[in-house]
Amino acid sequence: MPLFEEFMDIKEKLYEDIVKALVLLKQVLESANELLRIGSRGSKILLVLQSEQIKNKFEELTVQFEHALSGISYDKLGIPDELKEQVELVHAQFGRTKERTTAPDLELYEYLFSIYNQSNDVDTDPTILRTLCEKLEVMSVEDLKEESLALHEMVVASGRDEEESTEKMSMLLKKFEDFLQAENPNISISACENCSGSDQACTDLSPNSPKSPVVPDDFRCPISLELMKDPVIICTGQTYERACIKKWLEAGHGTCPKTQQKLYSTTLTPNYVLCSLITNWCEVNGVEPPRRLGNSRLGKISACSVEGVDIDALLSKLTCGNIEDQRATAGELRLLAKNNGDNRIVIAEAGAIPLLAGLLFTPDTPTQEHAVTALLNLSICEDNKRSIISSGAVPGILYVLKSGSMEARENAAATIFSLTTVDEFKVTIGALGAIPVLVTLLREGSHRGKKDAAAALFNLCIYQGNKGRAIRAGMVPPLVILVTERGGDMVDEALAILSMLASHPEGKAAIGALEVLPLLVELIQNGSLKNKENATAVLVHLCAGDHQHLSEARALGVMDPLSDLAENGSDRAKRKAAQLLELMSNSTEQCEQAQLEADAQSEAQTQSLQLPVTAAAVDYS
């Protein structure tokens, strides 16, 4: 996605070879999507019987993906180095995949193929049928019904000899049906209105028949194998259910349960992206979303009372139309949600968020301040972030950010920062126009307002598509001003954002136009460790492909402090310093080569000028 987002920012006409590669990539993506759809929703029986063809299709697509990615000339596009590294990694993974083969389950194929070719009157070994049912995960009435429908659809869609295929498949399903009935005498599989007879398994399902959706493996905790309700990431990058991994760690284990890697940290980081995906999957499949641990504490709290306050009665005052009641109520909710996580949950579940969002447009300044600050406090609870977004509160928050009192604007910016800790909301809020008003606050706000605006803008610019918006909104000049402020405490924040924007072509141009190289070199020489790291990151982007900037940085004395940083800095600082030193070295070699070529050319011209004189001297003599 970041690659495609980068293409959207390119204004120049693309080279023909890049266009052809992108067309191929689009075709391969569409083919891969269809193949994965068949693999996830198709008949398991038919997929096994056609396993060789399916395998070949996957291998063909792998080659096509690799070919499409290799046809894109990334140097011509001028995309950021970080993005280029991502694409190269994916490209390399496709290359390695071609060399990796997975051994097929021959037993499954042979058992299934033998029964498929049997006549109807031949008895099948129950042990073989049990093995097939277990491996194909056809162990219940609903499993068999789903397989029947999928099988019927795939046979019809295949365009093969439908009559022969249907007869064989029906016979195969009948054997599964008989086996399941023998294993579970109390069930009735063919008692469906659409079954065509006792000798044929049902191949047509009512759309209203209940189905048990299969939980994706990525949504299950590797320890409990249950659907995760509070997924967390450990230092190895694996995700587990919080309660399960905590129990594992408390038992004295020092390794990752899945990879067996030694844990260098026991920090548990909430996986908000996966949590959001699980919630969406539950909604789409009609499954009740798992309640996270934070919400489970509600059983100990009155659903309508917080600290002795009747929440329902309090919320009714927000809709009464009396501005004094609304102001007092919003202020009370602000205080109740300030320091207590349980209060935040109860207040949100009572329906406060949409009512508070409605007060953001009020002309009464104190009420507006209370409302936006109450939403800020409620947003600290992760479950409430989604409620705030879905309630349509963001336009109101942006209205306050633009037109409210300074205190209200500060808290509106802090609310945007809180909401954009969730990746998908970076996209949503950026598209709703948050960046220009945040840049205005960064430029003209109070000290606290600038810090809140910078934090929110940093989160938003993590999403590649928002970088162009921020640059075009004029974000670079106020950041450079913050870096130049002597004794200022926002130098680190400003440099961190500049290092992100410098990876964007428009950002590189905007930063370079402000002649910041002396400032960056000074920070690399005399700044804090974090200053040096981020100043080097900015300088790497500015100097890439720019000999003038490289020469200027070298003349300003950047080489020695860079060498020191490459040895004694943080991991990121060492990496950035090494990249910049390499750029410097390559530039020097190119200059020396160019000088040698120029000297050789000059010598050749001198010799050519001397030749006629020599010849004339010979003639005259």
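Reading the values: rules and limits
- Residues numbered from 1 in each chain as written.
- Predicted model: local features only at pLDDT ≥ 70, side-chain atom pairs only at ≥ 80, totals over all residues.
- Heavy atoms only, no water.
- Core = buried A, V, L, I, M, F, W, Y, C linked by side-chain atoms within 4.5 Å.
- Buried < 20%, exposed > 50% of the residue type's maximum accessible area, 1.4 Å probe, protein only.
- Contact = heavy atoms within 4.5 Å.
- Patch = residues over 30% accessible without salt bridge, like charges linked within 9 Å, V, L, I, M, F, W, Y side chains within 5 Å.
- Areas by Shrake-Rupley, 256 points an atom, 1.4 Å probe, with all protein chains shown as cover.
- Salt bridge = Lys/Arg side-chain N within 4 Å of Asp/Glu carboxyl O.
- Helix = DSSP H or I, 4+ residues; strand = E, 2+ residues; numbered from the N terminus.
- pLDDT = per-residue confidence, 0-100.
- Phe/Tyr/Trp six-rings, centres within 6.5 Å; stacked < 30°, edge-to-face > 60°.
- Arc of directions from axis to C-beta.
- Axes fitted to C-alpha atoms, helices over the stretch in contact; angles between N-to-C directions.
- Parallel < 35°, antiparallel > 145°, perpendicular 65-115°, else oblique.
- Left-handed = near helix turned anticlockwise from the far one by under 90°.
- Nonpolar A, V, L, I, M, F, W, Y, C, P; charged D, E, K, R; others polar.
- Disulfide = S-S within 2.5 Å.
- Polar contact = N/O pair within 3.5 Å; in protein donor to acceptor, adjacent residues only side chain to side chain.

Undergrad: Even after reading the chapter, I still don't get the nonpolar core, so can you show me in this structure?
TA: Nonpolar side chains tend to gather and get buried jointly when the protein is soluble and globular. Grouped together as the largest cluster of nonpolar side chains are 94 residues, with contacts concentrated most on Leu 356, Ile 429, Leu 438, Met 475, Leu 501 and Leu 539. Setting aside anything within four residues of it in sequence, one finds Leu 501 in contact with Cys 461, Lys 467, Ala 470, Ile 471, Met 475, Val 476, Leu 479, Gly 507 and Lys 508.

Undergrad: Please explain a nonpolar patch on the surface as it appears in this structure.
TA: A surface patch of nonpolar side chains, amounting to about 300 Å² of accessible area, comprises Met 1, Phe 4 and Leu 29. In this fold, Met 1 is placed in the segment before helix 1 (2-9).

Undergrad: Teacher, can you tell me more about the confidence of the model for the chain here?
TA: Close inspection of predicted coordinates is inappropriate in any region flagged by low pLDDT. Of the residues in the chain, 81% have a pLDDT of 70 or more, and the chain-wide mean is 78. Per-element confidence in the chain is highest for helix 21 (residues 406-419), whose mean pLDDT is 95, and lowest for helix 13 (residues 293-296), whose mean pLDDT is 39. Contacts of residues 293-303 to residues separated by more than four positions or lying in other chains number 15 contacts, the stretch itself having pLDDT below 50.

Undergrad: Before we go on, may I ask you to explain unusual backbone geometry in this structure?
TA: A negative phi angle is the norm for most residues apart from glycine, just as the trans form is the norm for most peptide bonds. For Leu 225, which is not glycine, the phi torsion reads 65° and is therefore positive. Checked against the element boundaries, Leu 225 lands in the loop between helix 10 (162-183) and strand 1 (231-233). What makes Leu 225 exposed here is its relative accessible area of 52%. Positioned with a positive phi, Glu 515 is a non-glycine residue whose angle comes to about 50°. Along the chain, Glu 515 falls in the loop between helix 28 (505-513) and helix 29 (517-526).

Undergrad: What am I meant to see in the environment of Leu 360 here?
TA: Relative to the helices and strands, Leu 360 resides in the loop between helix 17 (352-358) and helix 18 (365-379). As for Leu 360 and Gly 404, which are separated by 44 residues in sequence, their C-alpha atoms are 9.2 Å apart. Dropping the residues within four chain positions of it, Leu 360 is found in contact with Gln 368, Ala 371, Val 372, Leu 375, Ala 393, Gly 396, Ile 397, Tyr 399 and Val 400.

Undergrad: What should I look at first to understand the packing of aromatic side chains in this one?
TA: Working definition: an aromatic ring pair is given by the centre-to-centre distance plus the angle between the planes. Throughout the structure, instances matching the rule amount to two aromatic pairs. Measuring from centroid to centroid gives 6.1 Å for Phe 219 and Trp 281, while their planes differ by 75°, and the two rings are edge-to-face. Here the residue Phe 219 occupies a position in the loop between helix 10 and strand 1, and Trp 281 occupies one in helix 12 (residues 272-284), the gap between them amounting to 62 residues. Side by side, Phe 219 and Trp 281 carry an identical accessibility label, which is buried. Note on Phe 361 and Tyr 399: the rings are 5.1 Å apart at their centroids and 35° apart in plane angle, and the pair reads as tilted. Of the two residues, Phe 361 sits in the loop between helix 17 and helix 18 while Tyr 399 sits in helix 20 (residues 394-403), which places them 38 residues apart along the sequence. Tyr 399 gets classed as partly exposed once you look at its relative accessible area, which sits at 35%.

Undergrad: Please clarify how helix 32 (residues 559-568) should be interpreted in this entry.
TA: Residues three or four positions apart in an α-helix share a direction because the helix packs 3.6 residues into each turn. Every buried residue belonging to helix 32 is among Pro 561, Leu 562 and Leu 565, and all of these are buried. Within helix 32, the buried residues cover an arc of 100° as seen down the axis, which keeps them to one side. Exposed side chains of helix 32 directed beyond 90 degrees from the buried face belong to Asp 560, Glu 567 and Asn 568.

Undergrad: Explain the packing of helix 7 (residues 106-116) against helix 8 (residues 126-136) here, please?
TA: Axes are the key here: two packed helices are described by the angle between their axes and the distance separating the axes. The N-to-C vectors of helix 7 and helix 8 enclose an angle of 120°; their axes lie 10 Å apart at closest approach. As far as their axial angle goes, helix 8 and helix 7 are oblique. You can see that helix 7 and helix 8 cross each other, and the crossing is left-handed. Of helix 8, the residues touching helix 7 (which contributes Glu 107, Leu 108, Tyr 111, Leu 112 and Ile 115) are Ile 128, Leu 129, Thr 131, Leu 132, Lys 135 and Leu 136. A class-by-class count of the residues in the contact of helix 7 with helix 8 yields eight nonpolar, one polar and two charged.

Undergrad: Would you take a moment to explain the state of the cysteines for this structure?
TA: A covalent bond between the sulfur atoms of two cysteines is referred to as a disulfide. All told, the structure shown has zero disulfides when counted by the stated rule. As a non-bridged cysteine, Cys 221 has Cys 244 as the owner of its nearest cysteine sulfur, 4.1 Å distant. When its relative accessible area of 1% is taken as the criterion, Cys 221 is described as buried.

Undergrad: Which parts of the structure should I look at to understand the environment of His 91?
TA: Topologically, His 91 is positioned in helix 6 (residues 81-99). Classification of His 91 by relative accessible area gives partly exposed; the value is 24%. Distance in space between the C-alpha atoms of His 91 and His 67 is 9.0 Å, their sequence separation being 24 residues. The residues contacting His 91, other than those within four sequence positions of it, are Glu 66, Leu 69 and Ser 70.

Undergrad: What's the story with the side chain of Thr 415 in this structure? I'm lost.
TA: Position of Thr 415 among the secondary structure elements: in helix 21. Assessed through its relative accessible area of 0%, Thr 415 is described here as buried. Within the structure, the side chain of Thr 415 is placed 2.7 Å from the backbone oxygen of Asn 411, a separation counted as a polar contact. Not counting residues up to four positions away in its chain, the partners in contact with Thr 415 are Val 372, Leu 376 and Ile 397.

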